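Coordinates in review
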Amino acid sequence: MSANTALAEKYRNNFLKEIEEQVEMGDWVKMCMQCGVCSGSCPTNFQSAWEHPPQELFMMIRAGKREEVLTSSSMWNCTSCYNCIVRCPRKLPITHIMHGIAEYAHRLGMAPKMQPTRFFSGLFWKNCTHTGRVNELKLSMGLYFKDGLGAGIKEGMKMKDVAIGLLKAKRLNPFELFGGHKCKDQKGIQAMLKKAYEIERSRKAAKMAG
Amino acid sequence: MADIKVAAYICKGCGLGERLDTDALVKIAQKDGKVPLAKSHDFLCNADGVAMIKNDIANEGVTHIMIGACSRRAKTEAFFFPENAVARANLREGVVWIRPDTEEARETTQDMAEDYIRMGCAEVKAMTAPGGNTNTGTSKTLLVVGGGVTGMTTAIEASKTGYSVVLVEKSGELGGWAGKLYKRTPVHEPFKSPADTGVADLASQVMGDSNIKVYLNATIAKTDGAPGRFVVDIATESGATHTEDIGAIVQATGFTLYDMNKLPELGGGKSPNVIDQAGLEALAKAAAAGDGIIRRPSDNQPVKSVVFVQCAGQRDPTGTHLSYCSGFCCNASIKQAMYFKDTNPGVDTTIIYTDLRTPGNGEDFYRSAQEKGVIFTKGKVAEVVPNGNTSTVKFNDLILGDTDASMVDVDLVVLATGQVANSGINIDALTKPQVEGQEGEPSAVGTVEVKPISILNLTYRQGPDVPQLKQGFTDSHFICFPYETRRTGIYTAGPVRRPMDIAQAREDATGAALKAIQALENAELGRAAHPRSGDLSFPKVRLEGCTQCKRCTVECPFGAIDEDEKRFPVFNESRCRRCGTCMGACPVRVISFENYSVNTVGAQIKAVDIPDEFSEKPRILILACENDAYPALDMAGMSRNEYSAFVRIIPIRCLGSVNTIWITDALNAGYDGVMLMGCKSGDEYQCHFVKGSELGRVRMSKIDDTLKTLNLESERVRDLEVAITDIERVPDMINKYAAELVAVGPSPFKGF
Ligand code: SF4
Ligand code: SF4
Ligand code: SF4
Ligand code: SF4
């Protein structure tokens, strides 16, 4: 049984309870009074129109719409601007809940695979933990080629003037593609991260086991 | 009539001396006003000025006083001469403050002042000092009808103030609706959990109070008389009737829950597991008496899931059910959801609402319910389908836009139906057609059907209960005198007046108790209750001239006039509010007050000097309601908002007191136009006498015929709604009307 089916079974009709127990700050969801101030304040909601703005996500959680919430791309759109937190009359830590739900969906393997911010988060993490330093060239290339070679070249061509400008200003070093610079104690960093991973993993496993 | 001696006093203070030729005003008073004694004073309202007047009263035999100074609304303490007839010419707010201080305006401003002096002198001569009503009673006992929270609170508060109380309760015990509750919505910190109702405590206070006499299983068989001297027959279960002398009455008859059988689509009456809030209180009480578990009525199994349907049969725009919000039921459902959560957090409790209305500290209570895990779903319930021991609740999820949302296997559905007032017989349905001169229209959509049983059984000509406004709630002056009914000395409090919760009902009860006490005290002294509180004048009728047309008895907004067996009007002065509507209605003009009559106003209208049509000085008569329009005009003066110098303003008690003869007289005398300024009428009325302005307007609607007979344009009379806040608007209205009349041209009646 996958982690998802196990947890779905465990909380059966009570998705709200699942969110309360599994998601960071999830116990705040029940306090939402559906005023909609968060959705109205969210700058990204105005840009690309979230599938489900925060207020609606909270209602869906209460209505037990598990599948729809966890597979949604909505919470991945949050840019952590904190507008909603500042304005929520009920003081819900909305930004944190957004990330909490995203992270939980990811943990269950239900998050939309190619959603750009999710994809970028993974890429960024791999990139910076590898050498202890962010390799900007590899990071941006990775994002360009997210949807395959053709799309990547097309994306790259669009940005070529910027790239040439950066080259001229010595802001971009093409040799970074081959290894790039690293931090001093690469081993130390790796060991630290490994330990942190372990702590986190055991905490979450305990939670998921209930 | 005894000899009268009139004196006129012109003040020169507040800039009047600089802006007006006061010597000329004194001469006008002597010559045109024909007063034997006329003086001016530098500062009439100061001690010296007042002493001068008092001296003239004592030593010169002055009986009637005309004061040309500020508005009659100002300096009422300085110019207080209760033994004398007093008229005031408004030279300050009404003349110098509303006119520009320029050379070219000087003449018309002086004209204005001179006319007001003429009017004041004419008015005061037509007056006598009011002596007060002598047909009074002295009972200081309060009757409280209804033994619920409102009634018990009224009784306790009145008793604490030192008045004795008779409390009549129709059922066998005190407590009313609140007595049926398991617990109440909290009213104290921290507003987190249901609280004790406090009913037992109130009831024992009432029973233990020697000032309060309680009749249980009793109803009011008859209420006769007037404030201060009501005689009330109380019928008890045994068949015996007890008679009590009563000073004033508070009706606290509460409400009945809207009948859920009228909501079959919501499962009302279709399953024992679909109940109203009263039903749940009963279940919770039964549970508390047993093992604490609330059980499903159909099979006595513990309730595991419950859905509350808010606004059931309420806030209904279609007109089928109640159109209003009862205000208490959101908090009540929250409280009831807690009955479940507080004993077993595992019970699923969902409240389906469209707008959750929890004002004030209700917000904390709401939050507490969320913390306890009550689920709040914004949606509109379309249907409740009972099926065996459970139900399916189908609703439109308003947040998720899901029109087919549903909840299945619900053990218990609670419908939040609203409050329907226990207000007795809708007497307006009986009397309205007569007033408006047409046959009874079918009752308005959405009205609750007429309840057939009278509560007070008043012997009044106008019907056995207090009048209602909308949806069966008793009529009161919502803004200014909330507990007041249209029956003087009878007050309503609690949900019979408007939907409300326990906390509001207790506040209401206290307010009504104090108003009722005021009323019986005023009644004993022969004085009016508000809005003319303390007024000693009252309507006098010259019965020799009465044609028994019954207009006064029908129109009196306060049911003050009965009829004797020969069908002559019988005035009950203590029930009268001194609005003058009867005086305005009387076609043969036999009703008058000592200080306000067809003559006092008519004499003023005639006293105005009407320049000929070549002078380009039109004259506009304004009859302005003293409660709203006149203060608005005064305040326009205080803010120095200018208006035309061609108007002459006469304050009237109410638009309802306007007798059409005044308008005919004014038009015949050559006035170019007449403006009537009264309060808003209709359902959203602002009239201090509730129906006065409406009745006045009905009367005035026939003025067109008069205009036609006189061959005059319909623009010559203008009926306007003016509120006390119209400080900017009213000068504007005047100026526009004055400009309009220039276009119509001068009245052809000038110079006749
Ligand atoms: S602002 Fe807060 S209370 Fe309002 S909808 Fe958003 S989360 Fe809910
Ligand atoms: S913090 Fe996230 S959810 Fe909140 S307003 Fe900003 S982007 Fe929107
Ligand atoms: S108080 Fe709440 S349930 Fe009651 S009518 Fe108003 S909104 Fe509806
Ligand atoms: S109409 Fe007004 S003034 Fe006349 S009896 Fe009734 S309350 Fe009194």
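Residues numbered from 1 in each chain as written. Chains lettered and ligands numbered in written order. Predicted model: local features only at pLDDT ≥ 70, side-chain atom pairs only at ≥ 80, totals over all residues. Heavy atoms only, no water.

Some remarks on the pairing of strand β28 (residues 673-678) of chain B
All names here are of chain B. The buried count for β28 comes to six of six residues, which makes it a mostly enclosed element. In β28, alternate side chains face the same way, and those of G673, M675 and M677 on one face and V674, L676 and G678 on the other are all buried. Here five bridges tie strand β26 (residues 620-625) to β28, and the two strands are oriented parallel to one another. Bridged to I622 within β28 is M675. Note: β28 against strand β29 (residues 717-721), five bridges, orientation parallel. Bridge pairing in β29 links L676 to D719. (Buried < 20%, exposed > 50% of the residue type's maximum accessible area, 1.4 Å probe, protein only. Helix = DSSP H or I, 4+ residues; strand = E, 2+ residues; numbered from the N terminus. Pairing = 2+ DSSP bridges.)

Side note on the packing of helix α5 (residues 149-160) of chain B against helix α6 (residues 199-207) of chain B
Residue and element names in this part refer to chain B. Two numbers describe how α5 lies on α6: the axes approach to 10 Å, and their chain directions differ by 40°. When the axes of α5 and α6 are compared, the pair comes out oblique. At the point where α5 passes α6, the crossing takes the left-handed sense. Here V149, M152, T153 and I156 of α5 come into contact with α6, specifically with V199, L202, A203, Q205 and V206. Split into classes, the residues belonging to the contact of α5 with α6 amount to seven nonpolar, two polar and no charged. (Axes fitted to C-alpha atoms, helices over the stretch in contact; angles between N-to-C directions. Parallel < 35°, antiparallel > 145°, perpendicular 65-115°, else oblique. Left-handed = near helix turned anticlockwise from the far one by under 90°. Contact = heavy atoms within 4.5 Å. Nonpolar A, V, L, I, M, F, W, Y, C, P; charged D, E, K, R; others polar.)

Observations concerning the domain arrangement of chain B
The domains assigned to chain B are domain 1 (1-129), domain 2 (142-256 + 421-524) and domain 3 (259-417). Between domain 1 of chain B and domain 3 of chain B, the C-alpha centre-to-centre distance is 69 Å. (Domains from an automatic or database assignment.)

What to know about the packing of aromatic side chains
Applying the stated rule across the entire model yields nine aromatic pairs over all chains. Pairing F558 of chain B with F689 of chain B gives two aromatic rings, centres 6.2 Å apart and planes at 80°, and the pair type is edge-to-face. Residue F558 of chain B is found in the loop between α12 (551-555) and β23 (561-563), and its partner F689 of chain B is found in the loop between β28 and α17 (692-700); the two are separated by 131 residues along the sequence. Taking relative accessible area as the criterion, F558 of chain B reaches 1% and is therefore assigned buried. Above the plane of the ring of Y366 of chain B lies R90 of chain A, whose end atom (NZ or CZ) is 4.6 Å from the centre. (Phe/Tyr/Trp six-rings, centres within 6.5 Å; stacked < 30°, edge-to-face > 60°. Lys NZ or Arg CZ within 6 Å of the ring centre and 35° of its normal.)

With respect to the sheet that holds strand β6 (residues 165-168) of chain B
Residues and elements named next belong to chain B. Overall, parallel pairing links the five strands, which are arranged β7-β6-β5-β11-β21 in an open sheet. The sheet is open, and its two edges are formed by β7 (212-215) and β21 (490-492), each paired on a single side. Strand-to-strand twist across the sheet, computed as the mean angle between neighbouring axes with direction ignored, equals 20°. Here four bridges tie strand β5 (residues 142-145) to β6, and the two strands are oriented parallel to one another. Its bridge partner lying in β6, L143 is registered against V166.

Brief notes about helix α8 (residues 94-107) of chain A
Side chains that are three or four residues apart share a direction in an α-helix, a result of its 3.6 residues per turn. All names here are of chain A. With 14 residues, α8 ought to run about 20 Å at 1.5 Å a step, and its terminal C-alpha atoms sit 20 Å apart, in line with that. I94, T95, I97, M98, G100, I101, A102, Y104 and A105 are the residues of α8 that are buried. Directly beyond the C-terminal end of α8, a positive phi value near 75° is found at G109. (Expected span 1.5 Å × (residues − 1).)

Quick notes on the sheet that holds β29 of chain B
All names here are of chain B. With respect to topology, four strands assemble into an open sheet ordered β27-β26-β28-β29, the strand pairing being parallel. With partners counted over all chains shown, the strands left at the sheet margins are β27 (647-652) and β29, one partner each. On average, each strand axis in the sheet is inclined to that of its neighbour by 20°, with strand direction left out of account. In the sheet, β26 pairs with β27 via six bridges, with the strands oriented parallel. Note that in β27 the partner of C625 across the bridge is I652. Against the sheet, helix α15 (residues 629-638) contacts β26, β27 and β28, and its axis sits at roughly 115° relative to β26. Helix α19 (residues 729-744) rests against β26, β27, β28 and β29 of the sheet, and its axis sits at about 160° to β28.

Description of the domain arrangement of chain A
Domain assignment breaks chain A into domain 1 (3-113) and domain 2 (116-196). For domain 1 of chain A versus domain 2 of chain A, the distance between C-alpha centres works out to 30 Å.

Overview of the interface of chain B and chain A
Contact with chain B, which involves 14 residues of that partner, is made by 14 residues of chain A. Of the roughly 1200 Å² buried between chain B and chain A, counting both surfaces, carbon and sulfur atoms make up 59%. Linking chain B with chain A are two salt bridges. Between E363 of chain B and R90 of chain A there is a salt bridge whose closest N-O contact spans 3.1 Å. Remark: the boundary between chain B and chain A carries six residue pairs in polar contact (both at pLDDT 80 or more). (Buried area = accessible area lost by both parts, 1.4 Å probe. Salt bridge = Lys/Arg side-chain N within 4 Å of Asp/Glu carboxyl O. Polar contact = N/O pair within 3.5 Å; in protein donor to acceptor, adjacent residues only side chain to side chain.)

Some details on the site of ligand 4
The local shell around ligand 4 holds 14 residues, among which C556, C576, C579, G580 and C582 of chain B are the closest. Here the residues of the shell around ligand 4 sort into ten nonpolar, two polar and two charged. (Near = heavy atom within 4 Å.)

Considering the packing of helix α4 (residues 106-125) of chain B against helix α14 (residues 598-607) of chain B
Two numbers describe a pair of packed helices, the interaxial angle and the distance between the axes. Residues and elements named next belong to chain B. Where α4 meets α14, the axes come as close as 8 Å, and the angle between the chain directions of the two elements is 150°. Between α4 and α14 lies a crossing of right-handed hand. Of α14, the residues touching α4 (which contributes D115, R118, M119, A122 and E123) are T600, A603, Q604 and A607. A per-class count over the contact of α4 with α14 returns four nonpolar, two polar and three charged.

Focus: the pattern of salt bridges
Pairing between side chains of opposite charge can happen when the charged atoms of each approach one another. Residue and element names in this part refer to chain B. Per the stated rule, a full pass over the model turns up 58 salt bridges over all chains. Close ionic contact of D111 with K617 constitutes a salt bridge, the shortest N to O distance being 2.7 Å. Here D111 is found in helix α4, whereas its partner K617 is found in the loop between α14 and β26, with 506 residues between them in sequence. In terms of burial, D111 and K617 fall into one category: buried. We note a salt bridge from R699 to E555, for which the minimum N-O separation is 2.9 Å. A residue pair is termed long-range when its members are at least 10 positions apart, and R699 in helix α17 and E555 in helix α12 qualify at 144 residues. In this pair, the class of R699 matches that of E555, namely buried. A single network of salt bridges, built from pairs that share partners, joins K31, D32, E114, D115, R118, R619 and R648.

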